[in-house]
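Spelled out from the first residue to the last, the chains are:
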Amino acid sequence: MKQYDAIVIGAGILGCMTARSLRRWNISTLLLEKEEDVCRGITRANSAIVYAGYDNKPGSLKAALTVRGNADMEALCEELEVPFSRCGSLLVAYEPEAVPKLEKKLSNGRKNGVPGLKLLSGPEAEAMEPMLKKGVAAALYAPSTGTVNPWLLGIAAYENALQNGAEAILGREVLAIRPCPEGYQVETREEVYQTRMVFNCAGAFADRVQGLAFAPEVKLKLDGAEYLVFDRLAKKPERVIFYQTQSSGKGITAIPCTEGNLLIAGVRKDMTIPYATSPEGLVEMLDRVKELLPETDTGLVIRSFGAVRPNPYRDSGESIPDYVIENPAPGFYSLIGVKTPGLTCAEGLGMLLAQRGAEYLSAEENPDFDPKRRGISEKDNDILCQCEQISRAEILEAIRRGASTVEAVKRRVGSGMGRCQGSRCSGEIARLLEEYGHGSL
Ligand SMILES: Cc1cc2nc3c(=O)[nH]c(=O)nc-3n(C[C@H](O)[C@H](O)[C@H](O)COP(=O)(O)OP(=O)(O)OC[C@H]3O[C@@H](n4cnc5c(N)ncnc54)[C@H](O)[C@@H]3O)c2cc1C
């Protein structure tokens, strides 16, 4: 039976960051993921915002990690060679009754140490973002808000974890966890592993994964959200626009993505099929876009997708606003119900888990840890994806790094993300995958 100091379950952004952080110490680490690629769960479908940190309760772990994660995001993205944009944000209110909510967030944000927050008058906000529908009552400006590609950040952390000696097996679902004198035995269909520590980063399944060994105190109720992606040609605001309505459930968020697309996030909704969208939800979102950003050409939508939100609650029914790291037994750590802003806090949460593990094992620091990962940037003149101008060399490098499907290549280099959504390049990429196999270049 193979033995490790740590097994991380789930290769979403939190599992990938945790595996990377564990390798800052001499902790042998195995990452197990049930899907055929990393970051296929919540990490692939979210709003891509690096939050400023004014939403979170002062004094909470979430508030501290958000403000720190935001401040550190530039350095992290430089280390991992992932694009990051500190574009700022406006939280806009049109109804005078919604303005006190902005004032409350301003006060929260100041307590949390969010830099540069300012309450703007309607005309000031409209001058800053001329695309906004006129009649803004007030807006909260947060210059530190940013955007990052969530799955690319997760993939980069994954590659860096492997570079630093972590092992990973994809397509391995953890089915059982048995406490034993040496720690835990972690079972998959194919193999059983021995480990001293377990890090449960199973996202929407984290309560079930903890339940394989210990009854979880925190459980998850899932709901959904819907998104629209606009072509890069669509006119977009410069900053992230949050629409604060007095009545909850009506606002949308407009996000200028690092790739140049406009992303629109809709409101929370009940979930029927995970990651599915609904015609009525999309129509409603388009109506809201026309209302908030009247100049947006709604004919330029190129994609829509659905998301899954894990909402943590206790048996008493009480919902849990802060992050909880469950530690039901020595060496067993669970992140259950990390939702927004888990992307912003991913490095901080991964580091927190790794520090706990290092303390538990009295592990020594790894002097060879190298935080730097090289992005895929070498192009050649053979352009395969015409919309996004992605070359054969980039696609081959993605395959060499482990991409085994057209979708996995897309998520590493952006092929198929443009207007034609891959209809022109997918066939050739599939052919290359077949020719070169999975990472065997
Ligand atoms: C709609 C939405 C919008 C959001 N927007 C933002 C935002 O703009 N900014 C921000 O900071 N945060 C945002 N978040 C939060 C952030 O996206 C999440 O906190 C983060 O992506 C969660 O990552 P994860 O690794 O926990 O989950 P996941 O990405 O779901 O990863 C968990 C992994 O565990 C695997 N797994 C599950 N069970 C097993 C098993 N038994 N064996 C092996 N593998 C298993 C799954 O396949 C999956 O890959 C948003 C969240 C949601 C839901």
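All of these numbers come straight from a predicted model, not from anything done at the bench. In this numbering scheme, every chain counts its residues from 1 along its sequence in written order. Local features in this predicted model are restricted to residues of pLDDT 70 or higher, and side-chain atom pairs are both shown and tallied only at a pLDDT of 80 or more, whereas totals for entire chains, interfaces and linings draw on every residue. For side-chain calculations, the full set of non-hydrogen atoms in the structure is used, while hydrogens and water are omitted.

(A) Just the pattern of salt bridges, in detail. One speaks of a salt bridge when a side-chain nitrogen belonging to Lys or Arg is within 4 Å of a carboxyl oxygen belonging to Asp or Glu. Under the counting rule described, the total for this entry stands at 37 salt bridges. The partner of Lys379 in a salt bridge is Glu394, with the nearest N and O atoms 3.0 Å apart. One end of the pair, Lys379, is in the loop between helix 8 (346-361) and strand 20 (383-385); the other, Glu394, is in helix 9 (residues 392-400), and 15 residues separate them in sequence. Burial classes follow relative accessibility: with a 1.4 Å probe on protein chains only, a residue under 20% of its type's maximum area counts as buried, one over 50% as exposed, and anything between as partly exposed. A relative accessible area of 7% places Glu394 in the buried class. Ionic contacts of the salt-bridge type, sharing partners, join the residues Asp37, Arg40, Glu407, Arg411 and Arg412 into one network. Here a strand is any run of E in DSSP of at least two residues, a helix any run of H or I of at least four, and the numbering for each starts at the N terminus.

(B) Region of the structure containing the packing of helix 1 (residues 13-22) against helix 8. Across the interface, helix 1 lies against helix 8 with an axial gap of 8 Å and an inter-helix angle of 50°. Judged by the inter-axis angle, helix 1 sits oblique to helix 8. Here helix 1 and helix 8 pass one another in a crossing that is right-handed. Between helix 1, through Ile13, Leu14, Met17, Thr18, Arg20, Ser21 and Leu22, and helix 8, the contact on the second element is made entirely by Ala346, Glu347, Leu349, Gly350, Met351, Leu353 and Ala354. Residue type decides the class: Asp, Glu, Lys and Arg count as charged, Ala, Val, Leu, Ile, Met, Phe, Trp, Tyr, Cys and Pro as nonpolar, and the leftover types, Gly among them, as polar. Within the contact of helix 1 with helix 8, the residues separate by chemical class into nine nonpolar, three polar and two charged. The axes are straight lines fitted to the C-alpha atoms, using for helices just the contacting stretch, and the angles between their N-to-C directions are given from 0 to 180°. Each angle is binned into one of four classes, with values under 35 degrees roughly parallel, values over 145 roughly antiparallel, values of 65 to 115 roughly perpendicular, and all other values oblique. By definition, any crossing whose near helix is turned counterclockwise from its far helix by less than a right angle is left-handed, and any crossing with a clockwise turn is right-handed. In this analysis, two residues are considered to be in contact whenever any of their non-hydrogen atoms come within 4.5 Å of each other.

(C) Expanded view of the side chain of Gln210. One can find Gln210 in helix 6 (residues 206-211). In this structure, Gln210 is in contact with Asn200, Ala215, Pro216, Glu326, Pro328, Phe332, Ser334 and Ile336, ignoring residues within four places of it in sequence.

(D) Structural context of the site of the ligand. Taken together, 38 residues are adjacent to the ligand, and Glu33, Ile42, Thr43, Ile49 and Thr344 come closest. Polar contacts, as counted here, are pairs of nitrogen or oxygen atoms within 3.5 Å of one another; within protein the pair requires one atom able to donate a hydrogen and one able to accept it, and residues that are adjacent in sequence qualify only if both atoms are side-chain atoms. One of the backbone N or O atoms of Lys34 is found 3.1 Å from a nitrogen atom in the ligand. Only the protein chains shown count as cover for residues, and all accessible areas are computed by the Shrake-Rupley method using a 1.4 Å probe. Burial of the ligand by the protein chains amounts to 97% of its free accessible area of 1000 Å². Taken together, the elements giving at least two residues each to the shell around the ligand come down to helix 1, strand 2 (29-33), strand 13 (218-230) and strand 17 (301-314). Broken down by element, the residue count for the shell around the ligand peaks at three residues, all from strand 17. In terms of residue class, the shell around the ligand is built from 21 nonpolar, 10 polar and seven charged. Nearness is judged by heavy atoms alone; a residue qualifies as near a molecule or strand once a single heavy atom is within 4 Å of it.

(E) Just the sheet that holds strand 8 (residues 146-148), in detail. Judged by pairing direction, the sheet is antiparallel, and its three strands sit side by side in the order 3-8-4 without closing on themselves. The open sheet is flanked by strand 3 (49-50) and strand 4 (84-85), the only strands paired with a single partner. Two strands pair when backbone bridges link them, and strand 4 and strand 8 are joined in this way by two bridges, in the antiparallel orientation. Bridge pairing in strand 8 places Ser85 opposite Thr147. Strands are treated as partners if at least two bridges between them are detected by DSSP.

(F) A look at the packing of helix 2 (residues 61-80) against helix 5 (residues 150-163). In the contact formed by helix 2 and helix 5, the axes pass within 10 Å of each other and the chain directions differ by 60°. On the basis of the axis angle, helix 2 is oblique to helix 5. As helix 2 runs across helix 5, the sense of the crossing is left-handed. Residue-level contacts link Met73, Leu76, Cys77 and Leu80 of helix 2 to Leu153, Ala156, Ala157 and Asn160 of helix 5.

(G) Spotlight on the side chain of Arg401. In this fold, Arg401 is placed in the loop between helix 9 and helix 10 (406-413). Polar contacts involving the side chain of Arg401 include one to the side chain of Glu159, which spans 2.8 Å. Side-chain polar atoms of Arg401 contact the backbone oxygen of Arg374, separated by 2.8 Å. In this structure Arg401 touches Glu159, Arg373, Arg374, Gly375 and Ile376, once residues within four positions along its chain are discounted.

(H) Region of the structure containing helix 2. Residue count minus one, scaled by 1.5 Å, sets the expected span of a helix. With 20 residues, helix 2 extends only 25 Å from end C-alpha to end C-alpha; this falls clearly short of the ideal 28 Å at 1.5 Å per step. Bend at a given residue is defined as the angle between two axes, one fitted to the seven residues that end at that position and one fitted to the seven that begin there. Along its length, helix 2 reaches its greatest deviation from straightness, about 50°, at Met73. Taken as a whole, helix 2 has its buried residues at Lys62, Ala63, Leu65, Thr66, Val67, Gly69, Asn70, Met73, Leu76, Cys77 and Leu80. Of the residues one or two after helix 2, Glu81 is the one with positive phi, at around 50°.

(I) Inspection of the domain arrangement of the chain at higher detail. You can read the domains of the chain as domain 1 (2-45 + 150-217 + 315-361), domain 2 (84-147 + 221-310) and domain 3 (383-436). Between domain 1 and domain 2, the contact holds nine residues from the first and nine residues from the second. Once two parts are brought into contact, the accessible area they lose, counted with a 1.4 Å probe and summed over both, makes up the buried area. Across the interface of domain 1 and domain 2, roughly 780 Å² is buried in total on both sides, 61% from carbon and sulfur atoms. Our count for the domain 1 to domain 2 interface comes out at zero salt bridges. For the interface between domain 1 and domain 2, the tally reads one residue pair in polar contact (both at pLDDT 80 or more). Residues that form the side of domain 1 that touches domain 2 fall into these classes: four nonpolar, three polar and two charged. All domain edges in this entry derive from an automatic or database-based domain assignment.

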